[in-house]
Structure formats: C-alpha cells, structure tokens
Amino acid sequence: MSNHVFALRKKIRHWGYDSFAYAVEAKPGVADVRSYRRLFREVKPDDLLIVHFSMGSEVVDQLIKIPARRVLVYHNITPPEFFSGINPHAAAFARLGLRQLARIAPAFELGIGVSEFNRRALAQAGYEETTRVPILLDWEHFAVPPNEAVLARWKGLRSVLLFVGRISPNKRQDDLVRMLAYYRRCIDPEAQLVLVGAFRDQPQFHARVVALIERLGLGGAVHFAGGVEDASLLAYYRAATAFVSLSEHEGFGVPLLEAMRFRLPVVAYNAAAIGETVGAAGVLLQERDLAETAEAAAMVGERTELREALVAAGEKRVLDFDPDKVAERTRQVLGI
Amino acid sequence: MTMGPSDLDAILTEVRARVRKKRESGEYGPDLDAALTLPLPGGRPIFSEELKDPFQALPEVLDEDIAYDPKSRKRYVGPVITVARRTLIGLLRWWLAAITERQERVNQLVARALFDLRDRPTPGLEKRLRKIELWHEDFVAANLHSVYFQARFGGDEPVIRRQSEAFVDLYKGRSRVLDLGSGRGIFLQLLKEHGIGGYGVDLDPRMVAQCREKGLEAHEVDALTHLRQIEAGSVDGLYARHLAEHILPGELVEILRACRRALAPGAPTVFVTPNPKTLTVGAHTFWTDPQHLRPIPPDLFKFYLEVEGFTDVELRTFEPSERRLNEDVPAGPIRENVKLLNETLFGDRDYAVIGHAPK
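Residues numbered from 1 in each chain as written. Chains lettered and ligands numbered in written order. Predicted model: local features only at pLDDT ≥ 70, side-chain atom pairs only at ≥ 80, totals over all residues.

Turning our eyes to something else, we now look at helix 10 (residues 254-261) of chain A. All names here are of chain A. Within helix 10, seven of the eight residues are buried, which leaves the element mostly enclosed by the surrounding structure. For helix 10, every residue scored as buried is listed here: Val-254, Pro-255, Leu-256, Leu-257, Glu-258, Ala-259 and Met-260. Contact partners of the buried residues in helix 10: strand 7 (160-164), helix 9 (230-239), strand 10 (242-245), strand 11 (266-269), helix 11 (274-278) and helix 13 (304-319). Directly beyond the C-terminal end of helix 10, a positive phi value near 65° is found at Arg-263. (Buried ≥ 20, exposed ≤ 12 C-beta atoms within 10 Å, placed from the backbone. Helix = DSSP H or I, 4+ residues; strand = E, 2+ residues; numbered from the N terminus. Contact = placed C-beta atoms within 7 Å.)

Residue and element names in this part refer to chain A. Pairing is parallel in the open sheet, where four strands are placed in the order 3-4-5-6. Every interior strand has two partners, whereas the edge strands, strand 3 (48-53) and strand 6 (130-132), have only one. Going from strand to strand, the sheet's axes swing by 25° on average, the running direction of each strand aside. Inspection of the sheet shows strand 5 (residues 110-113) paired to strand 6 by three bridges, in the parallel sense. Bridge assignment links Gly-111 to a residue of strand 6, and that residue is Thr-130. (Pairing = 2+ DSSP bridges. Axes fitted to C-alpha atoms, helices over the stretch in contact; angles between N-to-C directions.)

Pairing of strand 5 (residues 268-274) of chain B with strand 7 (residues 348-356) of chain B, which is carried by seven bridges, proceeds in the antiparallel orientation. Across the sheet, Thr-269 of chain B pairs through a bridge with Gly-355 of chain B, a residue of strand 7 of chain B.

Turning our attention to the interface of chain A and chain B. Facing the 33 residues of chain A at the interface are 28 residues of chain B. Counting residues per element, the ones that place at least two in the side of chain A that touches chain B are helix 7 (173-186), helix 8 (203-215), helix 12 (290-302) and helix 13 of chain A.

On to the environment of Ser-168 of chain A. Residues and elements named next belong to chain A. The topology assignment puts Ser-168 in the loop between strand 7 and helix 7. On a C-alpha basis, the gap between Ser-168 and Pro-203 in space is 8.9 Å, while along the polypeptide they are 35 residues apart. Excluding residues that lie within four positions of it along the chain, Ser-168 makes contacts with Asp-201, Gln-202 and Phe-205.

Okay, the confidence of the model for chain B next. Mean pLDDT over chain B works out to 91, with 98% of the residues at or above the 70 mark. Across chain B, element-level confidence peaks in strand 5 of chain B with a mean pLDDT of 97 and bottoms out in helix 7 (residues 146-153) of chain B with 77. (pLDDT = per-residue confidence, 0-100.)

For the rest of this paragraph, the subject is the domain arrangement of chain A. Residue and element names in this part refer to chain A. Domain annotation of chain A identifies domain 1 (3-137 + 322-334) and domain 2 (140-319). Centre-to-centre, using C-alpha coordinates, domain 1 lies 28 Å away from domain 2. In this assembly, 16 residues from domain 1 lie in contact with 15 residues from domain 2. For the side of domain 1 that touches domain 2, the residue count by class is eight nonpolar, six polar and two charged. (Domains from an automatic or database assignment. Nonpolar A, V, L, I, M, F, W, Y, C, P; charged D, E, K, R; others polar.)

Here's what the structure looks like:
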C-alpha cells in the first residue's frame, strides 16, 4: 500500500473527517489498515469511497456496489507485455486490471490521475470526469537521521548510481546493469550500482537479472538493497552520485522527486509519466541509449557546476509538488 | 546558474560527443556493444522487447514448450494437492488438448498470414511506386538530353577552375579531401597541382570515367551513402560545389550529420551554391537547371552548419553579376537607391558557406 494513502488519510483527518484505510491485501507489518471486507458494513451512503487502483483484483466488482460517493485514484497498471513470459500471474492480473478499469468507469463520479499520463489513460478507458492531482507526498517520515552504516559503506565513492523502485521488468533494472558494463569499461572501473526495491513480487525477473550480472562479470558491482526503511533510503540518496532511471513505465515516479528533494541529480529515460514528473529538473533522455545514459550519469556526478544547477532545479521542482498545495487541490476536487 | 532547455541540449550534445570519441578510440568497441545488448539469461526476452521485432520473435514463441510442474511443495498437504492436480489434469486432458490444438492451428495460420503479407507485396504497390518514380522523373526533367543541356548551360571549365582556386588554400597540408559531386574533376585536378591528396564521388558514371582518365580518384556512389560507409574521421577536408541545390533540405541535414562523423575534427568544409539573395539568381538563373530542387538562402545554410556543430562558420559571396545599373550618378538618395538595387538584383551570383568539422 502506498504512502500516498496514509498521507491522504492524515490530511483528511486533519480537516476534521473520519478517515480509514482499507486494503485487499496489506503487506504484513503495515499497522492500522483494515480489511476490505469491513467496507461492506462500515461505509454509509453519505461517505466518500476513494478507490486507489493499480492492479486487477477479484473484489473490485464488489467494491463498486457499495452505496457511497465513489472516486477512483489511478496509479496506473503496468502493461501486461512486461510480465508476459516472465511472470504469467502478474501478466494475468495486469490484463484483468485493464479490463476492470474500463468496466467500472460508470461507477465513479470522478477519475483522478496522479499524472497527466494517468489522467489520459482514464479518459481513454471511458471515465467521463477526469482530473489530475499529483501524489500527495509526505516528507515527514524522512525526518530521521540517515542510516550511518549505509553512509559509511557508500559515501565518498567516485560513482554510485542509484535506482529506487520494485525489481520489476517494466523498471528495466536489467538495462541498468548493462549500462553499468559500459560505465565500468569506459568511465570508472570501480563504479557501483545500487538497486533499492523489493524483489519479492518478481522473483523470476530478479533471478534473471542476477544471472545477467554474472554473465557480464559484474558480480560485486551491483548491490540489491531490497526494500529498505526510511533512514536507509535517505542515506542512499545522500551517498549516491546520480539517480539513474531506465524505467519504461511509471505512473508517477515518486523516487525521482525524492532524489531531487535529497539533492541527488537525476538522469532518466523519458517514458510514461517520467517526463512530466522530472520536468526540466533532470537530464531527460529522449532516446534509449545505454552509453549515453552512462555518460550523462557521469557528467552530473563529476561536474560540480552542473551538479549544483541540477540540484537547485530539482529542489525547485519538488516545490511544485508541495504537499500543502496538493492537499488543497485534493480537497477541492473531492468537494469536501 | 539555473537550468534551461538549452542547457540540457548542451549536456546531451556533450554526452553524444563523449560516446562518439570513445567509439572512435576503440574503447567502446563491438565487445561492449555485445554486452549492452546481451539478452536476459534464463528464458525468453521481456515481451515488450519482443514486440519491437515481432517477426523475429514469432517463430521462437510458436515453438516454445510450456512446462508445468504439478508437484506441490507445501508441507503435509503437498502430496494430496499433487495427487489432486494430477487427477484433474488427467480428467481434463482431452478437453484441454482439443482447445490447445485449435489454438495451435489459429496461431500457425495467423503467423503464416503475417509472414505472407510481409513477403508478398501489397497488390498495386508496384504500380503506385512506379507512379511516384515517374512523378519524380518529371519533377527534375530526367528525360532531358543531359549532353545537350550541358553544352548549352553547363559551366565553362576555366570559370569553374577560377572559382574553385579561391578555396584551395583552405586545404593546404591536407591528405584526404573529399569532393562531393566531383563532376569533371576540376577541383580534384587543382588539389593535385597543389600537392593536396583528395578524391571525389559522383552519381554520373561518365563523370567518374572522365576523372579516372585524368588519373584522378573518383567513385560512382551517392554522397550520403559514401559518407556513411567510410571510416569515422577518415577524411580531413570536404568540398561540395553545386550539390546542395540538387537535394532536399532533409537530405542536406543528413549529409551534414554524416560529415560530422566522417570528417576529422577541424577539417575544413566548403559548400558552394547559387546565391538566391541576388534576385536575378533566385528568380531566374537558378531555375535554368530543372534539376535544381530549391534555392538555399545563405543565412539558412550557415545555420544548418552551426546547428550541426561546425565551427567558425562564415559566408563568402563571389561571381558578381555582369550587368549592373550604372552607379555613376550624382551623390545622394539616387545613388544610394541605385546601389541598393544593384545589391538586391545584381549582387554576387554564388556563395560559399565555409566551416570546420566539430572538434
């Protein structure tokens, strides 16, 4: 369940309403989330049901029968093409999700895309009323000291390339690994790639990326950090020399903004919603070229002036997604 | 410093230059290329990748075996689940076989239909293509007797020689200068006389033969193909007289891009073309060659070179019009007007845009 939901719940409670988070399948260890089954008895017709949608599910068709005002927040569904042949289970759910998205459209008074890319997808899926409201970021949970062990391990190295996101075929960690092969050959033989993100959901892809690393002789140069707590994540942002994304599908791309917020320059291939999130505050690559990606990542890490300019632009960019502004906009579109 | 789109452009330009340099130095060679395109081990490529080249992927996917292991690894209940699955598979086998058999037939038919469509041209396509070719031939009067045309309108050899001589100094000390559209080899001859190494390319086999008779090196190939074929940085000077007006702007830009790769850094580059800023040229003499596609304003040509990274780009006009208004009139507005008219109507008839290959 995304932080977005909790940040939103916090805001709505702050405005003086009761607000609860329900999940079809909550990760173990996430406190204060109710089972979706309680929705059927707890929600009253005057209530507002905000459905966060990012994956097909058997229960969606039931949810839309709950009598209440219904609004859908679309985080986008990873196209099944990325999972086909690697994770048939994920592909099937993605396909189901896309079909459901269109089928349940009439049940919602409003479809909110967290990016313009998502809003367009909603409009195409048949949602009559659509609008864009960015993800509500909550910076407060980063108000912790960065993890010392992580800093000690990574800070001060010449090239530490960082990507944050679930290990998943659409995020193309495999291409980041290939890119590292160029980086170590042509730029810095000591360069390291840190991949932060859970690999629980895509064990098949993870195993194949590991095999690719072996095949390329990059063992020891790629570090899978797994899902990490905020203090470690903060430390990775602080210690890395560049945030590099070759992801081909993002509905929004929160880590891009986190990198900017924590003064890490961003180099990203422009796909899906990435361009609109990065804006002009990062090196946005229009062509998918691994060598160019590596050189761009090296440049932003090495050139102090360029780095400072990107960091300044990034910090300014983050202000465009200021939580208070987003909250106000949310309140406005929800009519509460 | 604040970032703007132009800064990003500058970064990307430098990024590309870095990659190019590493390619040229051999640091970024075929072995690294192989690493960058190494397929993900352990199974089929990511399907979204295969979709980019479906014709290659299709036969492999059609032949793929689907493995299913009914064995459950759950503790205690595992063996029961395994037996249940095996039983179900046994019971459903013939029904599933019928479905998969039909699906297999559909897949094979669709694949065959697609490959046939790809390999067999669309009905009528040949005819439509021929029409476009004819249109193009008409557009440039390809049916004109070129020998007679040359005799009536073709440039005078001594004149061409005199014009070209003005540029020879730029190539002093160079060893491999390429003349694009070398024609009768007048410029190549000049280079030879000045001890400068050079060769030409031309589309017209008769022109190439003439050059060879004079002992000059020339190849029958079009400019763009040639520039893309030769080794990067293998040419240290470029001269193209009356070539640009025979091609479309997009091709000119492509040629400049190919030059950027083919030319050694700093190599002098000269393009000569009619000067449409002189109205008697732009409105009249330019069109006496039906193969001229469109005139190129000097400032635009200069921009083309600059934007492709050529340095110290300058314009040089020459070949003054023979007939001009008499400027020998009393000083004052009338003389100024006459001068202006002379400049506009009877200015220099050709110009050269001169630059140096990007470093």
